[in-house]
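Breakdown of the fold
Listed here are the chains, written in short residue letters.
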Amino acid sequence: MGELTDAVPVSQSAVSQHLRVLRGAGLVKERREGTRRVYRLDPDGLSALRFYLDQFWDDALEAFRRFADEEGTT
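Summarised in this report is the structure supplied together with it.

What counts and how
- Residues numbered from 1 in each chain as written.
- Predicted model: local features only at pLDDT ≥ 70, side-chain atom pairs only at ≥ 80, totals over all residues.
- Heavy atoms only, no water.
- Pairing = 2+ DSSP bridges.
- Helix = DSSP H or I, 4+ residues; strand = E, 2+ residues; numbered from the N terminus.
- Expected span 1.5 Å × (residues − 1).
- Buried < 20%, exposed > 50% of the residue type's maximum accessible area, 1.4 Å probe, protein only.
- Arc of directions from axis to C-beta.
- Contact = heavy atoms within 4.5 Å.

**Let's talk about the pairing of strand S2 (residues 36-41)**
Strand direction decides the pairing type here: strand S1 (residues 28-33) and S2, joined by six bridges, are antiparallel. Of the residues in S2, the one forming a bridge with Lys29 is Arg40. The hairpin formed by S1 and S2 contains two residues between the paired strands, and Gly34 there has a positive phi angle of roughly 65°.

Structure representation (structure tokens):
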């Protein structure tokens, strides 16, 4: 984790907490190599997150379409 904490302006404890949350959310996976922990993005978790966020995007676009249609008729 030293490489990661050296690259960001937060404490090692904060980085650990963030990684724990990301792991719990299924966005990263952890692999142990001796005393080190190696983290990588989890493509399955990212796909699920993208699907979730795309729903909001679809809703926003639909709302914009309805607004544009209403403005076009006035």
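**Observations concerning helix H2 (residues 12-24)**
The end-to-end C-alpha distance of H2 is 18 Å, a good match for the 18 Å that 13 residues give at a rise of 1.5 Å each. Considered for burial, the residues of H2 that qualify are Ala14, Val15 and Leu19. Along the axis of H2, the buried positions cluster into a sector of 135°, meaning they face one direction only. For H2, the exposed residues set more than 90 degrees away from the buried face come down to Val21 and Gly24. Buried residues in H2 make contact with helix H1 (2-7), S1 and S2. Remark: Gly26 follows H2 within two positions and exhibits a positive phi of approximately 80°.

**With respect to the environment of Arg23**
By secondary structure assignment, the location of Arg23 is in helix H2. A C-alpha to C-alpha distance of 9.7 Å links Arg23 and Arg40, two positions 17 residues apart in sequence. Leave out the neighbours within four places in its chain, and Arg23 touches Val28, Glu30 and Tyr39.

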